[in-house]
Amino acid sequence: LRIIEEEGLVERVRDDIGPYFAEAWKSLEDHEVVGEAVSVGLMGGLQFAADMAVRRRYAKPDDVGALVRNHCLDNGLVMRATADRMLASPALTISRSQVDEMVGTLRKALDHLRDTVRD
């Protein structure tokens, strides 16, 4: 708690990195397999959609979540899959360049999902 206070991590998340993360995370909604990207502070949730136009979910949600999670893990990004949703909660000390790297790696995993699963 002392470090959080001394380094102003709560204020940094509120005023700087949190809004930056939210904008970067929201940018994932332009991907064909994403139905919705939401965030609060440094927590993000991503819902997959087999057909974004009607937000139709995948027939095997656990499989698609695992596929994306494993692709992320293979590329150095720890993500949590809950069925067809991805959850992220990076460290309060994450930098803007690390947010960019995180979103870029996740975007590649979403490309992998798009190119692999026909639902």
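Refer to the structure above for everything that follows.
Counting starts from 1 at the beginning of each chain's written sequence and moves along it residue by residue. Totals for whole chains, interfaces and linings use every residue, but because this is a predicted model, local features are given only for residues with pLDDT of at least 70 and side-chain atom pairs only at 80 or more, for both listing and counting. Computation of side-chain values: all heavy atoms of the structure, hydrogens and water removed.

A. Just the nonpolar core, in detail. The term nonpolar core refers to a set of buried residues drawn from Ala, Val, Leu, Ile, Met, Phe, Trp, Tyr and Cys, joined through side-chain atoms within 4.5 Å. Burial classes: relative accessible area under 20% of the type maximum marks a residue as buried, over 50% as exposed, and values in between as partly exposed (1.4 Å probe, protein chains only). By size, the foremost hydrophobic cluster in this structure holds 28 residues, and its most contacted members are W25, L46, F48, V68, M79, M102 and L106. Every element with two or more residues in this core is listed here: α2 (9-26), β1 (34-40), β2 (43-48), α3 (61-74), β4 (85-88) and α4 (96-116). Residue contributions to this core peak at 7 residues, all from α4. What M102 contacts, discounting residues up to four positions off in sequence, is F21, W25, L77, M79, A88, P90 and I94. Numbering of helices and strands runs from the N terminus, with a helix taken as a DSSP run of H or I at least four residues long and a strand as a DSSP run of E at least two residues long. Pairs of residues are marked as contacts when any of their non-hydrogen atoms sit within 4.5 Å.

B. Structural view of the packing of α3 against α4. Look at α3 against α4: their axes get within 9 Å of each other, and the N-to-C directions meet at 135°. It follows that α3 is oblique to α4 by the angle criterion. Along this stretch, α3 crosses α4, giving a crossing that reads as right-handed. Contacts between α3 and α4 pair V64, L67, V68, H71 and C72 from the former with L106, K108, A109, H112, L113 and T116 from the latter. Basically, the charged four are Asp, Glu, Lys and Arg, the nonpolar ten are Ala, Val, Leu, Ile, Met, Phe, Trp, Tyr, Cys and Pro, and anything else, Gly included, counts as polar. Partitioning the contact of α3 with α4 into residue classes produces 7 nonpolar, 3 polar and 1 charged. Convention adopted: a line fitted to C-alpha atoms gives each axis, helices being fitted over their contacting stretch, and angles between N-to-C directions are expressed from 0 to 180 degrees. By definition in this entry, angles of less than 35 degrees are roughly parallel, angles greater than 145 are roughly antiparallel, angles of 65 to 115 are roughly perpendicular, and the rest are oblique. Whether a crossing is left-handed or right-handed is set by the direction in which the near helix is turned from the far one by less than a right angle, anticlockwise for left-handed and clockwise for right-handed.

C. Structural view of the packing of aromatic side chains. For Phe, Tyr and Trp, where Trp contributes only its six-membered ring, two rings pair if their centres lie within 6.5 Å, and the inter-plane angle classes them as stacked under 30 degrees, edge-to-face over 60, or tilted in between. Evaluation of the coordinates by the stated rule reveals 1 aromatic pair. Measuring from ring centre to ring centre gives 5.4 Å for F21 and W25, while their planes differ by 25°; the resulting arrangement is stacked. Note that F21 and W25 are positioned in helix α2 at a spacing of 4 residues, about one turn of the helix. With respect to burial, F21 and W25 carry one shared label: buried.

D. Geometry of a nonpolar patch on the surface. Together, L1, I4, V10 and L92 make up an exposed nonpolar region whose accessible area comes to about 390 Å². Within the fold, L92 resides in the loop between β4 and α4. According to the relative accessible area criterion, L92 is partly exposed, its value standing at 35%. Nonpolar side chains (Val, Leu, Ile, Met, Phe, Trp, Tyr) within 5 Å and like charges within 9 Å form the patches, drawn only from residues with over 30% relative accessible area and no salt bridge. With residues, only the protein chains shown are counted as cover, and all accessible areas are computed by Shrake-Rupley using a 1.4 Å probe. What counts as a salt bridge is simple: a side-chain nitrogen of Lys or Arg found within 4 Å of a carboxyl oxygen of Asp or Glu.

E. Looking closely at α2. Multiplying 1.5 Å by the residue count of a helix minus one yields the expected span of that helix. Along its 18 residues, α2 runs just 22 Å from first to last C-alpha, ending more than 12% under the 26 Å computed at 1.5 Å per residue. In this scheme, the bend at a residue equals the angle between the axes fitted to the seven residues that finish there and the seven that begin there. Roughly 50° is the biggest bend found in α2, and it falls at I17, with proline P19 one to four residues downstream. Within α2 the residues assigned to the buried category are L9, V13, I17, G18, F21, A24 and W25. Residues of α2 that are buried sit in contact with α1 (2-6), β1, β2, β4 and α4.

F. A look at the sheet that holds β4. With respect to topology, 4 strands assemble into an open sheet ordered β1-β2-β4-β3, the strand pairing being antiparallel. Strands with a single pairing partner mark the edges of an open sheet, and in this sheet they are β1 and β3 (80-82). The mean inter-strand angle of the sheet, taken between neighbouring strand axes irrespective of direction, is 20°. At least two DSSP bridges between two strands are needed for those strands to be called paired. Here β2 runs beside β4; their pairing, made up of 4 bridges, is antiparallel. Directly across from G44, in β4, lies its bridge partner A88. Relative to the sheet, α2 contacts β1, β2 and β4, its axis offset from that of β1 by approximately 175°.

Keep in mind that these numbers describe shape and distance, not what the molecule does.
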